[in-house]
Amino acid sequence: MLVALLLVGLAVAVPLLNSGDHNGNGGQQAGAARSAASQAPPAGPSDAPSAASTSAAPTSAAPSPSASASPSAAAGTLPAGWRYYRGPNGFQVPLPDGWRSTAGRNSVTFSDPGSLRRLYVQWTDSPKPDAVADWKSQESSRKNYVSNYQYLSITRCDAYRTCADWDWLQTRDGTRIHVRNRGIATASNRGYALRWEVPANDWNANLANFDVIAKGFKPDRVN
């Protein structure tokens with residue numbers, strides 16, 4: 001129903017996180033965060049350590065790493081049924097209402113309780129200068145962290161200091177999943193990986209959703 005609404009209205013580990021993602025490497029520009037960002041629960045979208053999963057409901061207090069992220073009322077216009085959530089380090093990301101969050105040391109995993117869709121956000125203080133080169137350096141080892149890994153592409157995108165999308169297929173919970181791992185360096189001392197995971201059969205129908213997330217993402221540092 002969410003996808004339908006978005007399509008009418010309009011389709012997660014850091015390139016900048018060296019290898020940040022739940023299932024092993026997969027977060028770019030995190031340098032040291034590479035292992036954290038690219039390592040995530042095998043059944044989950046990221047490899048970062050996680051805390052208890054809770055509903056990502058709005059709160060007025062700043063969330064702790066183990067608490068659910070809190071929505072930001074001051075963010076921009078979003079599609080109906082979406083809200084901004086503030087992460088432990090201050091980043092803001094738009095998400096559909098009702099998604100649950102699990103926070104780790106330098107990451108937060110958001111999941112849709114009604115499907116296999118997930119978003120993994122990881123950050124680092126030591127981003128790599130070239131997101132494409134960072135992802136390419138990690139690509140060959142990705143198969144060690146996920147089931148039935150299949151490389152699709154690594155492409156440069158136009159955002160911040162450097163940006164790259166790494167797409168692949170993997171199997172999770174018996175379902176073929178299409179992953180887009182966007183790595184960005186938003187500042188000399190801040191890199192993010194936004195890893196979007198969706199069942200492969202539903203990928204095209206969810207491109208508008210990723211577009212809302214990517215364009216609405218607000219990092220805590222920009223220079």
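The structure under discussion appears in the preceding block.
So, how was this worked out
- Residues numbered from 1 in each chain as written.
- Predicted model: local features only at pLDDT ≥ 70, side-chain atom pairs only at ≥ 80, totals over all residues.
- Heavy atoms only, no water.
- Helix = DSSP H or I, 4+ residues; strand = E, 2+ residues; numbered from the N terminus.
- Polar contact = N/O pair within 3.5 Å; in protein donor to acceptor, adjacent residues only side chain to side chain.
- Salt bridge = Lys/Arg side-chain N within 4 Å of Asp/Glu carboxyl O.
- Buried < 20%, exposed > 50% of the residue type's maximum accessible area, 1.4 Å probe, protein only.
- Arc of directions from axis to C-beta.

## Describing the side chain of arginine 172
Along the chain, arginine 172 turns up in strand β9 (residues 162-172). At 2.9 Å, the side chain of arginine 172 forms a polar contact with the backbone oxygen of leucine 116.

## Description of the pattern of salt bridges
Going through the model one piece at a time under the given rule, you end up with eleven salt bridges. In this structure, arginine 180 engages aspartate 167 in a salt bridge whose closest nitrogen and oxygen atoms are separated by 3.0 Å. With arginine 180 in strand β10 (residues 175-187) and aspartate 167 in strand β9, this residue pair connects regions lying 13 residues apart in the sequence. Through salt bridges that share partners, Asp125, Arg190, Asp220 and Arg221 make up one connected network.

## Thoughts on helix α3 (residues 131-139)
Of the residues making up α3, those classed as buried are Ala131, Val132, Asp134, Trp135, Gln138 and Glu139. Summarising the axial view, the buried residues of α3 lie within an arc of 160°, below the 170-degree limit, and thus occupy one face. For α3, the capping residue at the N-terminal end is aspartate 130, with a side-chain oxygen 2.9 Å from the backbone nitrogen of valine 132.

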